[in-house]
Structure formats: structure tokens, C-alpha cells
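# Observations on the three-dimensional arrangement
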Amino acid sequence: MPKRELGATGLQTHGDAEVATTDGAPGSMSDTDRTTIDDVLAEGSVTSVFQPIVDLDSGRVVAYEALARGPQGPLHRPDDLFAAARAAGRLAELDALCRSAAFQAAVTQGLLAPLTVFVNVEPEVLDSAPLADLLAIAEAAPAELRIVVEITERALATRPAELLQTVQRIREIGWGLALDDVGADSMSLAFMPLLRPDVVKLDLRLVQERPGPEVAEIMNAVNAYAERTGALVLAEGIETEEHLVKALALGATLGQGWMFGRPQPGPATQFATAELVLPPVAADPPGVDVSPFACLPPGTVLRRSPKLLLIELSKQLERHAMRLGETCVIASTFQDARHFTPSTVERYRELAARTGFVCALGDGLSAEPLPGVRGATLAATDEVRGEWDVTVISPHFSAALLARDLGDDGPDMERVFEFALTYDRVTVARATHALVSRVAARETRQPVAPESRATATTAARVPETAVPTAAVEGLLHRALAATTSGVVIVDLTLPDQPMVFVNRAFEELAGFTREQVLGRNCRFLQAPDTDLAAVARIREAIAAGRECRETLLNLRGPERTPWWNELHLAPVTDATGRVVQYIGVQNDVTARVEAERRLTREQDRTRQYLARIEELAYTDPLTGLPNRRRLQEQVELALWEASASSTAVGLLFVDLDGFKAVNDRLGHAAGDELLVTVSQRLRARLRRSDLLARLGGDEFLVALPGLDPVQGAAEADRVAEVLAHAVQAPIDLRGEAIVVGASIGRAVTPDDGCDFATLLHTADQRMYAVKQQLCRRALTG
């Protein structure tokens, strides 16, 4: 569907050419005023205009975006046109008609290579969009017609699998892909690695509104993706020099907006042209017949472990996903629904609240195992049933635990899996794609077919003579006046969309009399702290003629007392279907919002307490160092990274010499002080990437990742010598210079083992050998 264009304040009419006009006298109804969506579809009376897309470096036009127009009359504006099609249940037909009109107009107007034409596919009709027609169009179109299809994030949450399939078909045709309105919702950032768009179109508010932390997050994510893939960044809504400067600062190389030209039937001849060079197409993603484990590249080193370790690794990835927040996608498999335990349910409920998209698949898990967690019905032959997978991907992080059940019949926690832990972004993206491609579509309410709607309306219609019109109007007026909810009606046909009716409840909520508010726009009730994103969503809904619900911070009366307003807006149409008023129903929900905020604060405190409990479970309380349990987890991850990068990991077992004598002579407090000092000295002599932990008593462990496989043992010995010298330096305790020593044993992969337990045992044995050698020297010296 060729997209409706936006300006700084929402949907724009773009001058006289965009305004529906008639030849009839004022108050008369011409033929065009009676045009319906059925007429438009029957006659094919949709046209396209084109807005230039400019290379910001050269100033040349490289592409045009196709924008839809209905026939002159009430359906000329694209928002009215598509609202009518949506209401009639004929959105897919209009989408196909607009797309066909765009292609035909592009050829007629000569918008061929080196130029590119951007067209939009309506996300609501992805399932029913006739993709076979796209293939037919691609085959019949001139070879010089270059197409980039635009999709938005609106389809991601509802039909992710269908969206990924559509993207693949678009790639097969040979067309490019643009992700539109990036930044309008964090979901678009989360899905960028899976959709792999050639062009990232920034939402116009990024250029037109004041920058803040959210804009910085979007900028970082988009620029990271563009740098990694070579994708182009396009800024929409450039209307002024200030907008242009901001677009360039955001990393945009392409621009679109009134500064470069308004939509018109043909090319903007005042501009020179150039070719739009898209990045190379990446390898095809896996389909639904490929499991995540099968996405591992050939030669991947596989490990074996009981299920218990996989659970801990899964939890670690889940915790990291929560820290990544709304720009993160996490996809998991659990083999069977019985493994989706109550504790897992709680973790995934939290993940759904804090991340962008979560899916959990397994035999017996429904299409939505939890609110906000997506699922799928797996085929009996689907290999995913035999896997334990967790994938996490975001703009700046990717990791996947991919495991395959080896079929053990023992106790559940002792079942052995073959697995790999990978941070390779391509592999993680392919594995995530394989899972999300299986997600079932979320049930959506379908529009009622015209015939059914007509039948239902006829059946429910009250005879017109039953109640006189004047009596009905009086009854409605009294009902609106009496309701306890605030009711306001605004007139969209008047300048600045003023309020034309308010009831008594609204006067009480607003703190003003009707004489003080009628004729004014509602915005004067908003507070400086009112959520601008919520206001923007209201404006978008009004521009599109949709209902909307928002909760806003308003101010009451001359005292400007803050209160929370739960607002429901619904459009009112005239006889032609054009939206002419909006009715707003408002309720004071201050008590509820404040209670929710108190609950949120309590939840934050609870999370902090839980984080502290987890920290205590993994941290030595005396030195603040990780304990053995945490170090083992970190070393296991380091071992998999080493196997992927062909490096080695060293482990040093450090045991203090002479500590017991100090502890016995000066007391436990002095011993504790000595241990803290030793831990600080050890940490100071290690690299930032090295790991240090206290095992207990006077024993410490040091892990050295990233060693050279050939020189690893020599490097570990050198570090051990440096640490031993650091420990031997005198320590001032209670005014006395105390000297202790350190016996250190080392183990290095792969010669001394490839897992934590083997490395620890070898290092421990060598440490005791060093200590015994020191004892023999002391006896013979």
C-alpha cells in the first residue's frame, strides 16, 4: 500500500492539490461526495503521487516513495480512504489496488533505473496479501523498475512468522526491503536483526522533536546495525535546515520531506538523479523446517552436560535479556510443557514485561502460554521438540544456548545434552529466526463483511417512527449531561478543533465552567509533564480516524492541580463516512495510577532485594569477590568463548602460606583484614578481563581467558610469579609488618583439561606440590 505521508503535526493535506473539492453549491451533495469504498474498488479509481528521496551528500534524487490518493471527494485523503476500507473489511483489496497503481504509475512516469520506487505493504493484511500477485508483477514489470518494499513494526507483535515469510518472498523477487517508522516503537529496534532491512527509515519525530535519552538509544541501535550490515539510514519529515542538520547528526544518508519536494504525479525535474546502491543481500535465513540447533555452523565444537548446567546457563541469558530491555528478542524451547514450571512461568512473565518480544515453544505449550509470551503448535515431527534452546538478540548483544537431547532415560536433571554456547551474531540471528518463524499468529478481530453487517444492522434497527427525532436528541443530550464520566465533543471541521460540548462531569474534572472551555482546544488542560508519546499517539489516531485510549496527566482548574485522566476517544462520522467530530469520555483515575506507581516502586525494591540476595549467593561477603559458584559459571562461558576463538584459558589456584599463624596470633579480625588486602593486591595485578574469586579460608582462584594456545602455560607461570611477589610484600597489621607467602598451582587448556572441574583439580594438585616443596626446603634449610 502506498503510504500516507506525514508532516510535523501529523497527516498533512499538502496544499490545495490534496483537498477534496466539488463543483456543487454550498450545502449540496455532488456525485463525488457520494463515492464509497465499494465504488473506488469497483472502478479502480486509486492514483499515486510520488515524493522524492534524496541522497543527503550529493543532493541528487535516488528514489521516490509512492503515496496513495483516492478519487476527488470524501475518500481522496489516504486516511479517509483506508479507514473506509478497514471498516468495510476490504483492506486487502485496497492494498493490492494501491500497489498495482503505484507500479503502473512509476512505469508511466519513467521512474525507472537508476531510480528506485518505495512502496508500502499494509501490515494488517500480510496473511491475505496475494504474494503470488507480487511475483506476477515482478515478472511482468520492466527490468528497469527497481522496487523497495516498506513494512512497519505494526505487524511484528501480532504476526511475526507471517512477516518473516513475507520478507523472504520479497527477497526472492529481488526487491529491497525498508523498515519504516523505526523509533516509533522499540519493537522495530528489537526485530531489525531478524528482518535485515536494506533501508532503515527513521520515524519523523526523531528529526522534528527535541532529542532525549530515547532518541540516543534509537540512534545507537540504528547506527550499530548500519555499520554492521551496510544498511542505509533514511530520515523522514525533513522540512527545515534545522531538521536536515539533525538528520545528518542521527547518521542519515538519505532524506525525505517537504524541504526536498512535496508529492506530485511525476518526477521532481529540478533535481539531478543518481543510483540508490543497496547493501549486498545476506545469506537466506532458515525456514520453519530448520531447527535452531541445525543453525550451528559446521565444525562447531559441541560439549556434553547434564540438564542442570543448561538451566543455569539459560537463567544467565534470561537475566542478560532483562538488562537489555525493550530492544531485546528472547526465544526459547522447552521440549515439553511440563518443563515450563511455575518458577519458569514467573521468570517469563517478568521477561514479557521488560523485553521487546518473548516466545516459548514446546510440545503442549499453547499459542500464548502467558500474557505477552508467544508460542506455537509444533508438528509431531518438528526437531524443536527434542531441543533446549535459548536465544537472545538485541542491537548490541547476541547469544544463544543451543542444545540437543541425547535421549537419556535417567532422572530429569541428570539427562545429558549435547550443546554449544555461541555469541556469533549470524548464528544467533539464524537460530532466533528459526524459532520466531514458528510462532502462531495472535488472534485478531476481523472486520465484519458488508453483507453480514448490513443484515445485523437491519435486524437490530428500530423503526424510524418509533420515537420522534427531537425526542431522541433530547434524550441523548440529557443522558450525556447526567453521566458521571466527563464527556466532551470536539469539532474537526473547525479551526484548531475546539470543544463544542461538555457535560457537568467534565466541568468538575477540568475545574472550569463550560463557558470557560467551549471554543478552546483540549491541549490547555495538559501539564508540562504530560507524556508527549501519549499525545503523539492521540494525534496519530485522530489523523487516521481511529479510536484510542490513553491515560494522561492533566491539570485541574486555575490552581493547576495535577490529576490522571483515563481518556477514550471515538470518531463520529457524517453521512458520507467522513470523520467530523470526536467524542471523548474521561474518568479520574488518579488513585489507581498512584497505587500502580507505588506498586511499581515496591516491585523495583523487591527486584533490588532479589538482586542483592543473588549477589550474596554468588559473592564472598568479606572481600566482595565472586565465590566459587560464580567463578565456575564465568569460567564455563570463557571456555566456550575460547573454543570459538581458538584461544586458551588458564586457571591459578592460590593458597596463602603462613596465614593460620597470623590468624592465631593476632585474631580473626586481623586475619580478615589481611585477606582483604591480599585480594586487592591480586586484583590490581590482573587484567580487566581476568577473573578472581575467593574459594574460602585463605584460598583464591584466578582465571586467565584469552591466552595464546602455544604460550599459554608460560604466560600463566609468569602471572603466577607476579602474584606471588605481590602477596609476599609486607602488610601493616596492628602496627606490625606481616609477611605471608603464596603457593600457586596452574592449569591451562587444552593440555590440562577442557572443563572447569578438571582444570580445578589439576591446579589444586600442583598447588599442593608447590607447598610440599616449600615445606621440604624449610625443613632442610
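Everything below is about the structure printed above this text.
Residues numbered from 1 in each chain as written. Predicted model: local features only at pLDDT ≥ 70, side-chain atom pairs only at ≥ 80, totals over all residues. Heavy atoms only, no water.

### Regarding the pattern of salt bridges
- Counting across every chain of the model gives 39 salt bridges.
- Across the pair E550 and R537 runs a salt bridge, and its minimum N-O distance is 2.7 Å. Here the residue E550 occupies a position in strand β20 (residues 548–556), and R537 occupies one in helix α17 (residues 532–544), the gap between them amounting to 13 residues.
- According to the relative accessible area criterion, E550 is buried, its value standing at 14%.
- Given a relative accessible area of 38%, R537 falls into the partly exposed group.
- Between R718 and E715 there is a salt bridge, with the nearest N and O atoms lying 2.8 Å from each other. With R718 and E715 both in helix α22 (residues 712–728) and 3 residues apart, the pair spans about one turn of that helix. (Salt bridge = Lys/Arg side-chain N within 4 Å of Asp/Glu carboxyl O. Helix = DSSP H or I, 4+ residues; strand = E, 2+ residues; numbered from the N terminus. Buried < 20%, exposed > 50% of the residue type's maximum accessible area, 1.4 Å probe, protein only.)

### Some points on the packing of helix α19 (residues 628–645) against helix α23 (residues 756–780)
- Between α19 and α23, the shortest axis-to-axis distance is 10 Å and the interhelical angle comes to 115°. It follows that α19 is roughly perpendicular to α23 by the angle criterion. Judged by residue contacts, R628, Q632, V635, E636 and L639 of α19 engage F756, L759 and L760 from α23.
- Of the residues contributing to the contact of α19 with α23, the split by class is 5 nonpolar, 1 polar and 2 charged. (Axes fitted to C-alpha atoms, helices over the stretch in contact; angles between N-to-C directions. Parallel < 35°, antiparallel > 145°, perpendicular 65-115°, else oblique. Contact = heavy atoms within 4.5 Å. Nonpolar A, V, L, I, M, F, W, Y, C, P; charged D, E, K, R; others polar.)

### Some thoughts on the nonpolar core
- Ranked by internal contacts, the top residues of the largest apolar core, which has 77 residues, are V117, F191 and V222.
- Take this core: its biggest share by element is 7 residues, from helix α6 (residues 186–195).
- When sequence neighbours within four positions are dropped, the list of residues in contact with V222 reads V182, L189, M192, V200, L202 and V233.
- If you look at the next biggest cluster of nonpolar residues, it comprises 32 residues, including L652, L656, V662 and V748. (Core = buried A, V, L, I, M, F, W, Y, C linked by side-chain atoms within 4.5 Å.)

### Re the packing of aromatic side chains
- Inspection of the entire model under this criterion finds 10 aromatic pairs.
- Members of the aromatic cluster, joined through ring pairs, are F334, F340, Y348, W388 and F417.
- Directly above the aromatic system of F524 lies the positively charged group of R520, at a separation of 3.7 Å from the ring centroid. (Phe/Tyr/Trp six-rings, centres within 6.5 Å; stacked < 30°, edge-to-face > 60°. Lys NZ or Arg CZ within 6 Å of the ring centre and 35° of its normal.)

### Structural notes on helix α20 (residues 659–666)
- Taken together, the buried positions of α20 are occupied by F659, V662, N663 and L666. Down the axis of α20, the smallest arc covering the buried residues is 100°, so these residues share one side. Every exposed residue of α20 that faces more than 90 degrees away from the buried side is listed here: K660, A661, D664 and R665.
- Looking at the buried positions of α20, the neighbouring elements they touch are β23 (648–657), α21 (668–684), β26 (731–733) and β27 (736–738). (Arc of directions from axis to C-beta.)

### Looking at the sheet that holds strand β16 (residues 397–405)
- The 7 strands lie next to each other as β11-β17-β16-β15-β12-β13-β14, forming an open sheet whose pairing is mixed. In the strand order of this sheet, the two ends are held by β11 (303–306) and β14 (373–374), each with one partner.
- Bridge count for strand β12 (residues 329–336) against strand β13 (residues 357–363) is 6 bridges, and the pairing is parallel. The partner of A331 across the bridge, within β13, is C359.
- Its contacts with the sheet place helix α11 (residues 342–354) against β12, β13 and β14, and it is angled at close to 160° to β12.
- Contacts between helix α12 (residues 425–436) and the sheet are confined to β12, β13, β15 (387–394), β16 and β17 (416–422), with β15 contributing the most and set at about 115° to the helix. (Pairing = 2+ DSSP bridges.)

### Points about the environment of Q586
- With respect to the element layout, Q586 can be found in strand β22 (residues 579–588).
- Through-space distance from the C-alpha of Q586 to that of A505 is 9.0 Å; in sequence the pair is 81 residues apart.
- Within polar-contact distance, the side chain of Q586 engages the side chain of N565 at 2.6 Å. (Polar contact = N/O pair within 3.5 Å; in protein donor to acceptor, adjacent residues only side chain to side chain.)

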